[in-house]
Amino acid sequence: MTKRRVAFLRHGPLEVPGVLGTRAAELGLEIQEFRADCAGDPLPVPDEFAGIVVLGSIESANDTRLEWVAHERALVATALDRNVPVLGVCFGGQLLAQALGGRVVTSPEPEVGWRSIQTDDPSLIPEGPWLLWHEEAVVPPPGAVIVARTDVAVQAYSKGPHVGVQFHPEVTAGVISSWINDAQQRGEVTSEQRRALWDDVERLAAVSARNAARLFDGFLRQAGLLGNPS
């Protein structure tokens, strides 16, 4: 890997690299964070990074009122044109799908809580458990390979070196706590959803962190940025 930097695109104070940032540091990568939702803040120049990770957001990838969403989609499109591998997480996976020619639609039903998923490639996308929290879903772009799914929505797809996931591999118990508190203040989480998110969270987050390290390694390996394990 000649370039040792990975850009993480954030969309609010609560969306953080979390487990993925920790794994990047363990692999000796330098991470640089950008607030893509803040007008006037600089965005990464894709050519200067080995890869780009687009994190989640409470906003919709279909929201045309938010100028930053269109600007970030254009940035992702530039990264694709320049063969910079992109990993998209939840909102980020939806934005990546749009940049690749796919669509984002209303999910048949919200998915909120911990789920195991059906995966065709456990070496890249372990079955979980993963933390799901979304009301929109991806229609994968032409030529993409659907890697994992639930009965409700596509949970992971890949196209070339790029990977989009609908779940949240970055979460820790602390991150989930902050999200729940924020959602409660906005009146956007039910007591049932809170239980689905929080019950047994320490154990589930620890398992998810191990799975997330495998996913991140798999993304880097598929993108040609990490050698095969010996």
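Now for a description of the structure that goes with this document. Just so it is clear, the structure is predicted and the values come from calculations on it, not from any experiment.

Calculation criteria
- Residues numbered from 1 in each chain as written.
- Predicted model: local features only at pLDDT ≥ 70, side-chain atom pairs only at ≥ 80, totals over all residues.
- Heavy atoms only, no water.
- Axes fitted to C-alpha atoms, helices over the stretch in contact; angles between N-to-C directions.
- Helix = DSSP H or I, 4+ residues; strand = E, 2+ residues; numbered from the N terminus.
- Parallel < 35°, antiparallel > 145°, perpendicular 65-115°, else oblique.
- Contact = heavy atoms within 4.5 Å.
- Nonpolar A, V, L, I, M, F, W, Y, C, P; charged D, E, K, R; others polar.
- Buried < 20%, exposed > 50% of the residue type's maximum accessible area, 1.4 Å probe, protein only.
- Pairing = 2+ DSSP bridges.
- Right-handed = clockwise from strand over helix to strand, strands pointing away.
- 1 Å grid on protein atoms, 1.4 Å probe; cavity = no way out; pocket = protein on both sides within 12 Å on 5 of 7 lines; lining within 4 Å.
- Points joined across faces, edges and corners; volume = space filled by probe spheres on them.

**Points about the packing of helix α4 (residues 173-185) against helix α5 (residues 191-198)**
Two quantities define a packed helix pair, namely the angle between the helix axes and the distance between the axes.
Moving on, step 1. In the contact formed by α4 and α5, the axes pass within 11 Å of each other and the chain directions differ by 175°. Considered as vectors, α4 and α5 are oriented roughly antiparallel to each other. Side by side, α4 and α5 meet where Ala173, Ile176, Ser177, Ile180 and Gln184 of the first sit next to Arg194, Leu197 and Trp198 of the second.
Moving on, step 2. A class-by-class count of the residues in the contact of α4 with α5 yields 5 nonpolar, 2 polar and 1 charged.

**Section: the pairing of strand β1 (residues 5-10)**
Moving on, step 1. Counting buried positions over the 6 residues of β1 gives 5, a clear majority of the element.
Moving on, step 2. Where β1 and strand β2 (residues 30-35) come together, 6 bridges link them in parallel fashion. In the strand pairing of β2, arginine 10 is matched with arginine 35.
Moving on, step 3. The handedness of the β1 to β2 crossover, carried by helix α1 (residues 18-26), is right-handed.

**Regarding unusual backbone geometry**
Moving on, step 1. The step from glycine 128 to proline 129 runs through a cis peptide bond, and the omega angle for that step is 10°.
Moving on, step 2. Note that proline 129 resides in the loop between β6 (118-119) and β7 (130-139).
Moving on, step 3. Here the phi dihedral of aspartate 200 falls at roughly 60°; this positive angle occurs in a residue that is not glycine.
Moving on, step 4. Checked against the element boundaries, aspartate 200 lands in the loop between α5 and α6 (201-222).

**Quick notes on the layout of surface pockets**
Moving on, step 1. Its boundaries defined by the atoms lining it, the largest pocket holds a volume of some 610 Å³.
Moving on, step 2. Ser57, Ile58, Trp133, His134 and Glu135 are the residues nearest the centre of the largest pocket, which is lined by 23 residues in total.
Moving on, step 3. Elements that contribute at least two residues to the lining of the largest pocket include exactly α3 (91-99), β7 and α4.
Moving on, step 4. With 4 residues, the top contributor of residues to the lining of the largest pocket is β7.
Moving on, step 5. Its residues placed into classes, the lining of the largest pocket shows 8 nonpolar, 7 polar and 8 charged.

**A word on the sheet that holds β1**
Moving on, step 1. The 8 strands lie next to each other as β2-β1-β3-β4-β10-β9-β8-β6, forming an open sheet whose pairing is mixed. Each edge of the sheet is formed by a strand with only one pairing partner; in this case those strands are β2 and β6.
Moving on, step 2. Bridge count for strand β8 (residues 145-149) against strand β9 (residues 154-159) is 4 bridges, and the pairing is antiparallel. Following the sheet pairing, valine 145 is matched in β9 by serine 158.
Moving on, step 3. Taken strand by strand, α3 contacts β3 (51-54), β4 (86-89), β9 and β10 (162-165), and its axis lies near 125° from that of β4.

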